[in-house]
Amino acid sequence: MAPSSVVVTIEKPNNLSVVQINAATAGDDSPLLPADKQKAASPKQFTFSILLKIYRAFSCISWLAVGSNSLFKSIKKRVSQSEASADEPRSRGKLYNFIKAFLAISIGALVVEVVAHYNKWNLNLVQPPWEVQGLVQWSYMAWLSFRLDYIAPTVMMLSQFCIVLFLIQSLDRLVLCLGCFWIKFKKLKPQINGDDYDVEDPSSFPMVLVQIPMCNEREVYATSIGAACQLDWPRDRLLIQVLDDSDDPNLQLMINEEVHSWRQKGINIIYRHRLIRTGYKAGNLKSAMGCDYVQDYEFVAILDADFQPNPDFLQLTIPHFKGKPEVGLVQARWSFVNKDENLLSRLQNVNLCFHFEVEQQVNGMFLNFFGFNGTAGVWRIKALEDSGGWLERTTVEDMDIAVRAHLNGWKFVYLNDVKVLCELPESYEAYKKQQHRWHSGPMQLFRLCLPAILKSKISMWKKANLIFLFFLLRKLILPFYSFTLFCIILPLTMFIPEAELPLWVICYVPIFMSFLNILPSPKSFPFLVPYLLFENTMSVTKFNAMVSGLFQLGSSYEWVVTKKTGRSSESDLLALAERESKLAPATVGEEKTTMELLSKLKEVEAEVAGAPKKKKNRLYKKELGLAFLLLTAAARSLLSAHGVHFYFLLFQGLSFLVVGLDLIGEQVS
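Owing to the predicted nature of the structure, the values given are computational and were not obtained by experimental measurement.

Caption draft 1: Fine view of the packing of helix α13 (residues 503-518) against helix α18 (residues 644-660). The interhelical angle for the contact between α13 and α18, taken along N-to-C directions, is 65°, at an axis separation of 10 Å. Read as a crossing pair, α13 and α18 show a hand that is left-handed. For the pair formed by α13 and α18, the contact residues are Leu503, Ile506 and Cys507 on the first element and Val644, His645 and Phe648 on the second. Here the contact of α13 with α18 is composed, by residue class, of 5 nonpolar, 1 polar and no charged.

Caption draft 2: Summary view of the side chain of Glu429. Counting through the fold element by element, Glu429 comes out in helix α11 (residues 428-455). A residue is classified by how much of its surface remains accessible, and Glu429, at 8% relative accessible area, is buried. Among the polar contacts made by the side chain of Glu429, one reaches the side chain of Arg618 at a distance of 2.9 Å.

Caption draft 3: Representation of a nonpolar patch on the surface within the structure. On the surface, Leu171, Leu174, Val175, Leu178, Phe181, Phe512 and Phe515 cluster together into a nonpolar patch covering about 640 Å² of accessible area. Taken together, the elements giving at least two residues each to the nonpolar patch come down to α3 (134-186) and α13. Considering each element in turn, the nonpolar patch owes the most residues, 5 residues, to α3. Mapped onto the elements of the fold, Leu171 is located in helix α3.

Caption draft 4: Focus on the environment of Met399. Structurally, Met399 can be placed in helix α10 (residues 397-407). Relative accessible area serves as the criterion here: at 12%, Met399 is assigned to the buried category. Along the primary structure Met399 and Phe372 are separated by 27 residues, whereas in three dimensions their C-alpha atoms are 5.6 Å apart. The contacts of Met399, once residues within four sequence positions are left out, are Phe372, Pro442, Leu445, Phe470, Phe471 and Lys475.

Caption draft 5: Highlighting the pairing of strand β7 (residues 327-336). With 9 of 10 residues buried, β7 lies mostly within the body of the structure. Pairing geometry for β7 and strand β9 (residues 411-422), over 9 bridges, is parallel. Following the sheet pairing, Gln331 is matched in β9 by Tyr414. Summarising the sheet, β7 and strand β8 (residues 377-380) pair through 3 bridges and their orientation is antiparallel. Each residue of the ladder has a partner; that of Gln331, found in β8, is Gly377.

Caption draft 6: Quick peek at the sheet that holds β9. The strand order β5-β4-β3-β6-β8-β7-β9 describes an open sheet built from 7 strands, whose pairing is mixed. The sheet is open, and its two edges are formed by β5 (269-273) and β9, each paired on a single side. Within this sheet the neighbouring strands show an average axis-to-axis angle of 20°, counted without direction. Where strand β6 (residues 299-302) meets β8, 4 bridges bridge the pair, whose relative direction is antiparallel. Residue pairing across strands places Ile302 opposite Gly377, the latter belonging to β8.

Caption draft 7: Broad picture of the environment of Asn416. Its location among the elements puts Asn416 in strand β9. Look at Asn416 and you get buried, because its relative accessible area is 9%. The spacing of Asn416 and Gly364 is 52 residues in sequence and 9.9 Å in space, taken between C-alpha atoms. Look past the residues within four positions of Asn416 in its chain and what remains in contact with it is Lys184, Arg333, Phe356, Glu357 and Gln361. For Asn416, the side chain forms a polar contact with the side chain of Arg333, separated by 3.1 Å.

Rules behind the numbers
Residues numbered from 1 in each chain as written. Predicted model: local features only at pLDDT ≥ 70, side-chain atom pairs only at ≥ 80, totals over all residues. Heavy atoms only, no water. Axes fitted to C-alpha atoms, helices over the stretch in contact; angles between N-to-C directions. Helix = DSSP H or I, 4+ residues; strand = E, 2+ residues; numbered from the N terminus. Left-handed = near helix turned anticlockwise from the far one by under 90°. Contact = heavy atoms within 4.5 Å. Nonpolar A, V, L, I, M, F, W, Y, C, P; charged D, E, K, R; others polar. Buried < 20%, exposed > 50% of the residue type's maximum accessible area, 1.4 Å probe, protein only. Polar contact = N/O pair within 3.5 Å; in protein donor to acceptor, adjacent residues only side chain to side chain. Patch = residues over 30% accessible without salt bridge, like charges linked within 9 Å, V, L, I, M, F, W, Y side chains within 5 Å. Areas by Shrake-Rupley, 256 points an atom, 1.4 Å probe, with all protein chains shown as cover. Salt bridge = Lys/Arg side-chain N within 4 Å of Asp/Glu carboxyl O. Pairing = 2+ DSSP bridges.

Everything listed here is a matter of geometry and, on its own, says nothing about what the molecule does.
Rendered as structure tokens:
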């Protein structure tokens, strides 16, 4: 080798190569570098450079140490203070056992891969028998051959299947967004036929029934009743039913007294309580619709206990039935008073804004069909009766009645401009239970409704839309591929590099789809990446709920009332008081109505605040198992020098860890 040669050794996974680069000597005519750049660095510059690198190294190490210390302290605190929920069984079922087994296998595989890496075993090519040293290396080479011939093809086939589902669902989202852009561009809105109702002739107004179903809604019952009593509609044409399923005698008495106080002010309102709470909300509504006086009413507005409509709610919704005998439902949009309360509420707001702004609006405008949201809507009572009324067979009675009404030819109208104030769940426990019910119920309903859909007289296009888009694609395929692709296949491919997912599947397309989802709520753009990670984190809950509903497992029939905090109450009442003061009410009694309600609310809040509370830290084992699984896969990806794959697995694993430790949202008292 020449004296002026420099040997550069480049290590690759497949082979080793030696490259010789002939450097220039002092006497060469063609030097490697220009003469002005061959000046040697001074000792001071060299010393400063070394010190700077040492400083950066120590800074990085100290930052990692502090962060790791804080994380481990938080984990230790959560584990030591964790309590098992009374309504949550300790046995997590087959999915949790599968995650534990997968995690154990992954940790074992990571240990083997680390040993192979540091022993410089060829990770891709099977070596000749005389180069294999020891039983461990021979076993590893045999595993490589078995993995390549049998496991990799199966994983690749499953991943390709999930990718196809992923692309179909992404195309559906894209078409919905294009439809929304078209509505905005053309300024399309549902139109009202005929003139407005004659204010001077109350008999021209139709008879409207308002139902407020509630169950143990201590925090919000006063405001919901007060908002319903403030609706701008002739009093002799309006009846309010407070349908109380509470099992607390004291709360029943408080709600009954609230109803009595409004009745004394001239409001046509009644209180109903069932002794036997069967069928949950559907049973409550069915019982109320069985009253004899209901036949005198033409429309029924349904408002859940945490919903406070504006006084003009009926004025904006009822006219859309006028001159349209085929319209069976008018649905308003939800608005959230606590959307900026914490990170969990912000991420929920992104999802629900897309649901109302895009999904509901596009389906309502072009198909005249969408899923009833269970509240903030007005039904034509004849449509309910023709469709069989409320049924107690699933936990999504709202979707059930909407599907049956659609099969009977009724059309729906969605009003994106009419908003009803409500509250988002602020704790992860409440949100998780809500999502479990929302994703298990549709699968129950699909199994029950499929024969009726196939036998119905609606067009083939409507049948296909109902089966393939409404149920299969948006209720079954979405949670299936989200969990399978990003929580199972992706970490699996780190140990089976032959089936590695392409970069556009785990990065480019998900980010683009998240960008589309976040467009209806532009203020949430800074939460684009957290939203993407959180949606993948929630896939385990949605997948579990989908499977339990599809196969009618025990958890699919659970109904848990979403916990309310009552944050919307005070702000809504203050705004209502301000409106009343501007309108200059005719009597002093009417002027004091809202302020009295606000003072009562303050008293209730003081009683609740005075009671002793104990914060409960919960551990969610499925999420924690997936967190450690993804972090194990991230460690394996370091051996293969994966860039985007490593960072995605790392941050997705940390996202699961945060949720599993119940560090997102408010704690439940």
